[in-house]
Every structure is written in C-alpha cells, then in structure tokens.
Amino acid sequence: QRANGLKMAKLGVVAVISLCSIVLASCEPVKFKDCGSKESKLEEVDITPCPAQPCQMKRGTNATVEVKFIPNEIISKAKTVVYGIIGGREIPFPGVREDACQDQGLTCPLKPGTENTFKTVLPVKPFYPKIIVDVKWELQDQDTNMVYCFELPVQIV
C-alpha cells in the first residue's frame, strides 16, 4: 500500500509540474516591434494563448491581449485601434472594443510615470481567412496621439 501511495504522490507531482510548465509557456511575453510609441514606454506585450510565434489564433475563439506601459503624460481618454497588415495595407480588425478606459484594465485619467496594464479579449471571427498577418495595435489618446503602437505576426488557423 505504501508503495502505491508513493507512486501516486510522484505521479501527482509530475502532473503539477507539467501543468505549471504549460501555463508558464503560454504566458510568456511575446516579441514585438514598437511602431511608434510616443506618449509612453511600452514595457511588455502578452497574448494568450501564444506558446510560440507567430501566435496561432484559432478562428471562432478569443485571444487575450495584455499590454504593460508607462505613460509620459496624463491620458484622459484612450482608444484602441487594431489593423491587420495585408499586402502592405492596414485593414481594420472588426469587433475590437475601442474605449480602452472601459472594462479593459485602465482607469482614466492615466497618470504619467505609473505602470498600467491594458487587458482585453480579441475575438477571432470564424470568417477570418487562414493567413499569416502582421497585427498592428495602437492605443491613442484624447487627441488621437499615439500612446503606444506595436506590431507582431499572427497566424489565423
């Protein structure tokens, strides 16, 4: 009986370590290109699920996008703008919630020098074509100035 108990305990430890490894792998910050962050320091971008790049986003599911940044100025309003870059053209992503100050982790006005975390859910619509696309993600302030901007490759599967 004692041997069975030790065997079960070892299996439990292996299962917990495996689960932790999977969870940590899917929460790694992604590599991104800063495409003109002017009013903030862009610290980190995390997309879940995205265990490897390009991030694979399955049609008909949601992806969570989390961005850590430190604004340089007071930001009273913030707007999210997202594009897919296809053939050099910026095509707006439908279904993106524009008001970044409402239910997306930000409480406006944002104060300069304070780290903020923007967090939203990005719907990957079932009608999106299966394609590898560069996604351009912007946060604009009340005067449409770019707070931050990043680009990263995504594969719609």
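Procedures and definitions
- Residues numbered from 1 in each chain as written.
- Predicted model: local features only at pLDDT ≥ 70, side-chain atom pairs only at ≥ 80, totals over all residues.
- Heavy atoms only, no water.
- Core = buried A, V, L, I, M, F, W, Y, C linked by side-chain atoms within 4.5 Å.
- Buried < 20%, exposed > 50% of the residue type's maximum accessible area, 1.4 Å probe, protein only.
- Helix = DSSP H or I, 4+ residues; strand = E, 2+ residues; numbered from the N terminus.
- Contact = heavy atoms within 4.5 Å.
- Pairing = 2+ DSSP bridges.
- Axes fitted to C-alpha atoms, helices over the stretch in contact; angles between N-to-C directions.
- Salt bridge = Lys/Arg side-chain N within 4 Å of Asp/Glu carboxyl O.
- 1 Å grid on protein atoms, 1.4 Å probe; cavity = no way out; pocket = protein on both sides within 12 Å on 5 of 7 lines; lining within 4 Å.
- Points joined across faces, edges and corners; volume = space filled by probe spheres on them.
- Nonpolar A, V, L, I, M, F, W, Y, C, P; charged D, E, K, R; others polar.

Thoughts on the nonpolar core
Turning to step 1, where the next piece is worked out: Ile47, Val67, Phe69, Trp137, Tyr148 and Phe150 are the most contacted members of the largest nonpolar core, which totals 33 residues.
Turning to step 2, where the next piece is worked out: Contributions of two or more residues to this core are made by β2 (40–48), β3 (55–57), β4 (61–71), β5 (78–86), β7 (116–124), β8 (132–141) and β9 (146–156).
Turning to step 3, where the next piece is worked out: Considering every element that reaches this core, the biggest residue donor is β9, with 6 residues.
Turning to step 4, where the next piece is worked out: In contact with Phe150, not counting residues within four places along its chain, are Phe32, Lys33, Asp34, Cys35, Leu42, Val45, Val65, Val67, Val135, Lys136 and Trp137.

Describing the sheet that holds β7
Turning to step 1, where the next piece is worked out: One open sheet holds the 3 strands; their spatial order is β2-β4-β7, and the pairing between them is antiparallel. On the outer flanks of this sheet lie β2 and β7, each paired with one strand and no other. Strand after strand, the sheet turns through a mean of 20° between neighbouring axes, direction not considered.
Turning to step 2, where the next piece is worked out: Where β4 and β7 come together, 9 bridges link them in antiparallel fashion. Within the sheet, the bridge partner assigned to Val67 lies in β7 and is Phe118.

Focus on the pattern of salt bridges
Turning to step 1, where the next piece is worked out: Counted under the stated rule, the structure contains 5 salt bridges.
Turning to step 2, where the next piece is worked out: The partner of Lys119 in a salt bridge is Glu66, and the shortest N-O contact between them spans 3.9 Å. Taken as a pair, Lys119 in strand β7 and Glu66 in strand β4 lie far apart in primary sequence, 53 residues in all.
Turning to step 3, where the next piece is worked out: Exposure remark for Lys119: the relative accessible area of 45% places this residue in the partly exposed category.
Turning to step 4, where the next piece is worked out: By relative accessible area, Glu66 is classed as partly exposed at 23%.
Turning to step 5, where the next piece is worked out: Lys136 is the partner of Glu138 in a salt bridge, and the nearest nitrogen-oxygen pair spans 3.5 Å.
Turning to step 6, where the next piece is worked out: Since its relative accessible area comes to 5%, Glu138 is described here as buried.

What about the environment of Cys50?
Turning to step 1, where the next piece is worked out: Of note, Cys50 is situated in the loop between β2 and β3.
Turning to step 2, where the next piece is worked out: What makes Cys50 buried here is its relative accessible area of 3%.
Turning to step 3, where the next piece is worked out: Taking the C-alpha atoms as reference, Cys50 lies 8.9 Å from Pro29; in sequence the two are 21 residues apart.

A look at the layout of surface pockets
Turning to step 1, where the next piece is worked out: Considered as a void within the structure, the largest pocket measures approximately 180 Å³ in volume.
Turning to step 2, where the next piece is worked out: Lining the largest pocket, in full, are Gly84, Ile86, Ile91, Pro92, Phe93, Pro94, Phe127, Tyr128, Pro129, Ile131, Val133 and Ile156.
Turning to step 3, where the next piece is worked out: Those elements that place two or more of their residues in the lining of the largest pocket are β5 and β6 (89–92).
Turning to step 4, where the next piece is worked out: Residue classes in the lining of the largest pocket are distributed as 11 nonpolar, 1 polar and no charged.

Comments concerning the environment of Leu42
Turning to step 1, where the next piece is worked out: Looking at the secondary structure, you find Leu42 in strand β2.
Turning to step 2, where the next piece is worked out: Sequence-distant contacts of Leu42, that is, excluding residues within four places in its chain, are made with Phe32, Asp34, Ser37, Val67, Lys68, Phe69, Tyr148, Cys149 and Phe150.

Some details on unusual backbone geometry
Leaving glycine out, the prevailing phi sign among residues is negative, and the prevailing peptide bond configuration is trans.
Turning to step 1, where the next piece is worked out: In this structure, the amide linkage connecting Gln53 to the following residue, Pro54, adopts the cis form with an omega of 5°.
Turning to step 2, where the next piece is worked out: Structurally, Pro54 is set in the loop between β2 and β3.
Turning to step 3, where the next piece is worked out: Each neighbour pair has its own omega, and for Cys108 with Pro109 the value is 5°, a cis peptide bond.
Turning to step 4, where the next piece is worked out: With respect to the secondary-structure elements, Pro109 resides in the loop between β6 and β7.
Turning to step 5, where the next piece is worked out: Even without being a glycine, Asp103 presents a positive backbone phi close to 55°.
Turning to step 6, where the next piece is worked out: Within the fold, Asp103 resides in the loop between β6 and β7.
Turning to step 7, where the next piece is worked out: On the basis of relative accessible area, Asp103 is assigned to the exposed category, the value being 65%.
Turning to step 8, where the next piece is worked out: Non-glycine residue Thr144 carries a positive phi angle of around 60°.
Turning to step 9, where the next piece is worked out: On the secondary structure map, Thr144 appears in the loop between β8 and β9.

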